[in-house]
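If you want the building blocks of each chain, they are given just below.
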Amino acid sequence: MALLESRRMRSPDWIEPLLPHAARLIDQPLAALLEDDPARLQRDVLEVGPITACFRRQRIDAQAWQALYELAERCSMPQAIEAMFRGDAINASEQRPALHVALRSELEEGAAAAACAEVRAAEPRIRALAESLRSSGVTDVVHVGIGGSDLGPRLLAAALGTQQPAFRMHFMSSPDGHALQQLIARLQPERTAVVLVSKSFSTEETRLNGRLLLDWLQAPERVYAISANVPAAEQFGVPAAHVMPMWDWVGGRYSLWSAVGFSVRAAFGETAFAELLRGAAEMDRHFRLAPVHDNLPIRHALVAIWNRNAMGYASQAVLPYDLRLGLLPDYLQQLVMESLGKSALADGSGTAAFATVPVVWGGPGTDCQHSYFQALHQATETMPCEFIGVIRPDHPHAAMHLSLWSNLLAQGEALALGSASADLHRHYPGSRPSSVFMLDQLDAHALGALLAMYEHSVYAQSVVWGINAFDQWGVELGKKTAHRLAPALRGEQIAADPISADLVHRWRARAGD
Ligand code: F6P
């Protein structure tokens, strides 16, 4: 209660209506809450396309949901959604729209219509290049990129991996020479293609990895690039006919639907990529048209807001029970934390006087049960969980599939209900909230719907918080500082910061310089 009181002191207007509900619910056992409210069995499960979402084990009752729906109304959520689909400049600090939806949905208004026309115009060339790479006979493709130019395609390649790609895919992101050495030791340059992905084409890691790989490959005819900076890609040595565009109205972490997904598109074929886009387009339509209480991305966002701002939970675990989705937590770390890890309010009126992004973390089950689940069950902090499972597997091992699912379901139940014991070591407090997402199967269509759901939830959260989900100024300072420190490491100058200067001095001494 003291925590609630102190939060109340600092709460902005929009949090106030949530607090009486939080005060009522925060100490109420989740088990009692579930018993008292049989209606939640209907209300808190949504089926949208291939996704079944269960929010029943959140600490939110009917009145709290009502307050959350009113919050969505109060921040003009439907209007904010329309602004995105119209192509308004919702990325205010960069004065541009965020039109990833134009990469998969037909839009007819304003800047969005113009963006769709650009996508349509570029599409035949991208398709032809993807088909020619697919049938070229290369055995290996190295996709080079980082952040949004890496995580989406990397996740797709792993998630669709059981569906017979036309070639093996490899990813180079970090400038770690060990990774490069290990990779080129396994590959034959004459049977390999390289795909460079960088929206800016100025990202140091990608240029470094790209330069070394191009020198090793010695075959520009098997090099492709995707960038919003086409001249820079051509100057780098990529043949003009192999440079595909992306646009400044797509953020890197929202870009896998564009030619950024080129290597995956070539590997898995046109049908799979079209299905990916179709799944996302269906989620776009749902996000745009469904009323708030039936709207999956909005409900997901409201749960996140509730857990962060009303319950005060500081982290969110993402736990896929399917190894093909093992990279989902990494992908969501960028999508959520780069989008919502902000304090500045988008309208320039100041900084947020409330908590914004939680720490997003996690990993695949059941492995994680044998590492950090101890903390989920008995640590002092409550860490909400999101369990994701696939109902129909692409393997014949029924016993394994049942084991995976019984574990997934068991964890949500045990976390919520707990188990009392007089022996404190064996006491499980329970009341730890979680959601479950079931995908009918893990195909490109379901993946498109799932990832679009997360994108839209992030946007809906940013609307409540009044922050810009589409810039990332926070990462620039580190890049500039690294740039300044490189000459110091080479011994050409002394670093300005005394601690960095001392570390560089010790580094050089130990390296034998
Ligand atoms: O690290 C920041 C960032 O700008 C990400 O937002 C982006 O996805 C990544 O770097 C890569 O940028 P680029 O595609 O321009 O190489």
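One structure accompanies this document, and this report is about it. Since the model is a prediction, treat every value here as computed from it, not as a measurement.

So, how was this worked out
Residues numbered from 1 in each chain as written. Predicted model: local features only at pLDDT ≥ 70, side-chain atom pairs only at ≥ 80, totals over all residues. Heavy atoms only, no water. 1 Å grid on protein atoms, 1.4 Å probe; cavity = no way out; pocket = protein on both sides within 12 Å on 5 of 7 lines; lining within 4 Å. Points joined across faces, edges and corners; volume = space filled by probe spheres on them. Helix = DSSP H or I, 4+ residues; strand = E, 2+ residues; numbered from the N terminus. Nonpolar A, V, L, I, M, F, W, Y, C, P; charged D, E, K, R; others polar. Phe/Tyr/Trp six-rings, centres within 6.5 Å; stacked < 30°, edge-to-face > 60°. Buried < 20%, exposed > 50% of the residue type's maximum accessible area, 1.4 Å probe, protein only. Pairing = 2+ DSSP bridges. Axes fitted to C-alpha atoms, helices over the stretch in contact; angles between N-to-C directions.

1. Quick notes on the layout of surface pockets
- Here the largest pocket defines a volume of roughly 1,000 Å³.
- In this structure, the largest pocket is lined by 40 residues; those nearest its centre are Ser200, Thr203, Val475, Glu476 and Lys479.
- Sorting the residues of the lining of the largest pocket by element identifies helix 10 (204-217), helix 15 (328-340) and helix 19 (476-489) as the ones contributing at least two each.
- Looking at the lining of the largest pocket residue by residue, the classes come out as 13 nonpolar, 16 polar and 11 charged.
- Here the second largest pocket defines a volume of roughly 350 Å³.
- In this structure, the second largest pocket is lined by 17 residues; those nearest its centre are Tyr321, Asp322, Leu323, His395 and Leu404.
- The element that contributes the greatest number of residues to the lining of the second largest pocket is helix 17 (residues 398-417), accounting for 4 residues.
- The residue inventory of the lining of the second largest pocket, partitioned by class, reads 6 nonpolar, 7 polar and 4 charged.

2. Here we look at the environment of Gln79
- In this structure, Gln79 sits in helix 6 (residues 77-86).
- Taking the C-alpha atoms as reference points, Gln79 and Arg288, separated by 209 residues in sequence, lie 9.8 Å from one another.

3. Quick word on the packing of aromatic side chains
- Considering all chains together, one arrives at 12 aromatic pairs under this definition.
- When the ring of Trp65 is compared with that of Tyr69, the centres are 5.7 Å apart and the planes differ by 25 degrees; the resulting orientation is stacked. Remark: Tyr69 and Trp65 occur in helix 5 (residues 62-74); sequence separation between them is 4 residues, near one turn of the helix. Each member of the pair, Trp65 together with Tyr69, is buried.
- Through pairs of rings, three or more aromatic residues link up here, namely Phe55, Trp65, Tyr69 and Phe437.

4. A closer look at the sheet that holds strand 11 (residues 434-441)
- Across the sheet, which stays open at both edges, the 6 strands sit in the order 1-2-11-10-8-9 with mixed pairing between neighbours. This sheet does not close on itself; its edge strands, each paired only once, are strand 1 (45-48) and strand 9 (359-362). Each strand of the sheet is rotated relative to its neighbour by a mean of 20 degrees, with strand direction disregarded.
- As judged from the 4 bridges shared by strand 8 (residues 315-320) and strand 10 (residues 385-392), these two strands associate in the parallel manner. Looking across to strand 10, one finds that Ala317 is bridged to Cys385.

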